[in-house]
Amino acid sequence: MFMTTVIGRGHSGTRSMSHTLSASGVYMGEPLNVSGDLIPAEDMYEACRVMAKYVEYKGGLEWDFSKLHTMPIDPAFTRLVESFLSTVLSSKAENRGWKLPETALVYPWIIRMFPEVKYIFWVRDPRDCILNNHLTDHLSDFGVPCDQTDDIRLSRAYSWKYQRDIVKASPKPASYINLRFEDMVFDQDNTLAKLEKFLGIPMAKIEMRPGSVGRYKNDEGTHMYEFFKDEMIELGYELEPQWK
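For the structure given in this document, a descriptive report is provided here. All values derive from a computational prediction rather than experimental measurement. Along each chain, residues carry numbers from 1 onward, in the same order as the chain's sequence is written. Since the coordinates come from a predicted model, pLDDT governs what is reported: local features require at least 70, and pairs of side-chain atoms require 80 or more to be given and counted, while whole-chain, interface and lining totals use all residues. Computation of side-chain values: all heavy atoms of the structure, hydrogens and water removed.

1. A closer look at the side chain of Lys229
Condition: Counting from the N terminus, the helices are the DSSP runs of H or I reaching at least four residues and the strands are the DSSP runs of E reaching at least two. In this description, contact between two residues means that some pair of their heavy atoms is separated by no more than 4.5 Å.
Within the element layout of this structure, Lys229 appears in helix 10 (residues 229-235). With residues near it in sequence (within four places) discarded, Lys229 still touches Met224, Leu239 and Trp243.

Have a look at this one:
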């Protein structure tokens, strides 16, 4: 018996993981939207704003998350998260979980509230991840202190970096696995085998679209930034020649 959640920025392909878990018999709360998100999500959005008040902004692309790991969790945050997760927390299902991209914005307090959860860290090439609109494109909408920009691609890139940083800066939970969207597309059998070992249940296959990988190659806008480089290398993504 386990509870699990998917940690990944919006447009990182987390819907494929949510759909896979549902198809494998994991109760993902209700109702779900077409992306496999647990809805309504307004309480989680507000929880993001509550926690963001305690993030220290250092300027540029630097934030100090250290206070979040030791201070008492704001009671308003706990109430909002428990309200959002009410169907999951009250479920009698043997295996249960949830997926909502905004969970990444409150990851430090989620791991403190739910240390027993199995965490699935889900990433996608940021060059593809920032091509389309998502609610987290503007971090300030969720109370996160940051520089403001009218460049929407740059704003999405800031969001990608912030969500990567907040996870990396947090203590590792007891049970976690790192997975890439691209591996789910092109090597689904091996990816599912890793998940089966991690979760201890058989995993169902779902249809994946190869055309969803490398879309940035046909994009005429800006999709690469200097501050992506180190993260992409760490995650195993190939840099274009001009960025090496």
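2. Quick look at the state of the cysteines
Note the following rule: Disulfides are defined as pairs of cysteine sulfur atoms found within 2.5 Å of each other. We call a residue buried when its accessible area falls under 20% of the maximum for its residue type, exposed when it is over 50%, and partly exposed in between, using a 1.4 Å probe and counting protein chains only.
For the coordinates displayed, the defined rule picks out zero disulfides. In this model Cys129 remains outside any disulfide bridge; the closest cysteine sulfur is found in Cys48, 16 Å from its own. Given a relative accessible area of 0%, Cys129 falls into the buried group. Sulfur of Cys146: no disulfide; nearest cysteine sulfur belongs to Cys48 and is 14 Å away. Classification of Cys146 by relative accessible area gives buried; the value is 18%.

3. Some remarks on unusual backbone geometry
Cis rather than trans, the peptide bond between Glu30 and Pro31 has omega equal to -5°. Unlike most non-glycine residues, His11 shows phi in positive territory, near 70°. As for its placement among the helices and strands, His11 is situated in the loop between strand 1 (2-7) and helix 1 (14-23). What makes His11 partly exposed here is its relative accessible area of 31%.

4. A look at the packing of aromatic side chains
Where we set the bar: Each aromatic pair joins two rings of Phe, Tyr and Trp (for Trp, the six-membered one) with centres within 6.5 Å, and gets the label stacked for planes under 30 degrees apart, edge-to-face for over 60, and tilted for any other angle. Definition used: whenever NZ (Lys) or CZ (Arg) falls within 6 Å of the ring centre and also within 35 degrees of the ring normal, the charge is taken to sit over that ring.
Here the structure, examined in full by the defined rule, presents 16 aromatic pairs. Taking 5.6 Å as the distance between ring centres and 40° as the angle between the ring planes, the aromatic pair formed by Tyr54 and Trp109 counts as tilted. With a gap of 55 residues between them, Tyr54 in the loop between helix 2 (42-52) and strand 2 (56-59) and Trp109 in helix 5 (residues 107-113) connect regions that are remote in the sequence. Here Tyr54 falls in the partly exposed class, since its relative accessible area comes to 23%. With relative accessibility at 0%, the residue Trp109 sits in the buried group. Three or more aromatic residues link up through ring pairs in this structure, and these residues are Tyr158, Trp160, Tyr225, Phe227 and Phe228. Here Lys172 stacks its cationic end above the ring of Tyr176, 5.1 Å away from the centre of that ring.

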